[in-house]
Amino acid sequence: MNRIAIIPARGGSKRIPRKNVKPFLGTPMLAWPIAAAKASGIFDKIVVSTDDADIADAAQAAGAEALMRPKALADDLTGVVPVVRHAIEAKGREADAACLIYATAPFLRAVDLQRGFEGLQKASFSLSVTSFPFPIQRALLEDDAGRIAMFQPEHAQTRSQDLPEAFHDAALFAWGTRAAWLSQTPLYGSETVPVVIPRHLVQDVDTPEDWTRAEYMARALIEAGEISAP
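Remember, it's a predicted structure, so these values are computed and weren't measured experimentally. Every chain is numbered on its own, with residues counted from 1 as its sequence reads. Residues qualify for local features only when their pLDDT is at least 70, as the model is predicted, and side-chain atom pairs are given and counted only at 80 or more; totals for whole chains, interfaces and linings, by contrast, use all residues. Note that water and hydrogens are dropped before the side-chain values are worked out from all heavy atoms of the structure.

(A) Representation of the pattern of salt bridges within the structure. In the sections that follow, a salt bridge refers to a side-chain nitrogen of Lys or Arg positioned within 4 Å of a carboxyl oxygen of Asp or Glu. All told, the structure shown has nine salt bridges when counted by the stated rule. Among the ionic pairs, D52 bridges to R18, the shortest N-O distance being 2.8 Å. Residue D52 is located in the loop between β4 (45-50) and α2 (53-61), and its partner R18 is located in the loop between β1 (3-8) and β2 (23-24); the two are separated by 34 residues in the primary sequence. The buried category is assigned to D52, whose relative accessible area is 14%. Ionic pairing is found between D112 and R115, a salt bridge with its closest N-O pair at 2.7 Å. A residue pair is termed a helical-turn pair when its members lie 3 or 4 positions apart in one helix, as D112 and R115 do in helix α4 (residues 110-119) at three residues. In this scheme, a residue with accessible area under 20% of its type's maximum is buried, one over 50% is exposed, and one in between is partly exposed, where area comes from a 1.4 Å probe on protein chains only. Owing to a relative accessible area of 1%, D112 belongs among the buried residues under this scheme. Residue R115 is classed as partly exposed on the basis of its relative accessible area, which comes to 32%. Taken together, the shared-partner salt bridges connect R10, K14 and D76 into one network. Strands are runs of DSSP state E lasting at least two residues, helices are runs of H or I lasting at least four, and both sets are numbered from the N terminus onward.

(B) Representation of the environment of W181 in the model. Position of W181 among the secondary structure elements: in helix α5 (residues 178-182). Along the backbone, W181 and R199 are 18 residues apart, and their C-alpha atoms lie at a distance of 27 Å. Contacts are assigned to residue pairs with any non-hydrogen atoms lying within 4.5 Å of each other. Ignoring sequence-local partners within four residues, the contact set of W181 consists of V81, V84, R85, I88, A98, L100, F125, A174, W175 and G176.

(C) Examining the sheet that holds β1 more closely. Think of it this way: DSSP has to see at least two bridges between two strands before they count as a pair. On the basis of which strands lie adjacent, the open sheet formed by seven strands has the order β5-β4-β1-β6-β10-β7-β11 and mixed pairing. Both outer strands of the open sheet, β5 (65-68) and β11 (192-196), are each paired with one neighbouring strand and no more. The mean inter-strand angle of the sheet, taken between neighbouring strand axes irrespective of direction, is 30°. Of the pairings in the sheet, the one linking β1 to strand β6 (residues 97-101) comprises four bridges and is parallel in character. Across the sheet, A5 pairs through a bridge with C99, a residue of β6. Axis lines are fitted to C-alpha atoms, over the contacting stretch for helices. Their N-to-C directions set the angle, which ranges from 0 to 180 degrees. Contacting β1, β4 and β6, helix α1 (residues 31-40) crosses the sheet at an angle of about 160° to β4. Against the sheet, helix α3 (residues 80-91) engages β1, β4, β5 and β6, with an angle of about 110° to β5.

Here you go:
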C-alpha cells in the first residue's frame, strides 16, 4: 500500500502571524509534525500544501515536499478536505491512503499515526479524538434573562459516571482511504473510527495564549519522554 501524508499550511494566519513557521521551542512549528510523520515510518511521501514561499522552504528544510496550491484553495473559507483532494491528485496519484496532518500539532506522536493507519483496516476514515473533561450532558448556558440554565435539564441529577463519555476532534490527524477522500464520504460519520488521544497531548494553538501554554506543555512532555523535539 502506498501512503501519503498531507499537511495544509497557509501563510495567512492572523491571530498568530506566520505561526506555521514561527519558532516553537526554537524550531519552526511546521517541523514538529513533519518529524513525527517521518518517525512513524509509514509514509512514502510527506507533502506540505501551501500558498507561501517561506512555508515551502521550511517544509523542504524539514524533509517534506512542498506543493503550491491554487489561490482558490488558499482563502479563509476553504476547508481542509478540498486541500487534501488537491494534494492527492497532484502528488498522490499512486497513494491508496492519505493522512491529513495539522501543521500546528507539536504533540503529534509517531505511534498515534500508526494507530490511525491501523484503523483503516476496519473503516474508510480514522480520526484523532480526545475526551471532554466534564460530561457534556450537564453543560450550562446563560439564558436571555442572564440566568443559568442546563442544555439538558433531564440530567440535572444524573451521576457523571452514568453518562456516556463524549469526544471531540483532537485536531492532530485524520486518515482516509483514497476513495473516501475523493468521494463525498463525510469525515464525521459512520465510516470513521476514533483514535483516542490522551487529553494532556491535545492543545489547540490558535491564540498567543495557546502558544505560550503549548510551549510550557511541550517542555514537560519532552522531559517526561512522551514526545521528542525535531
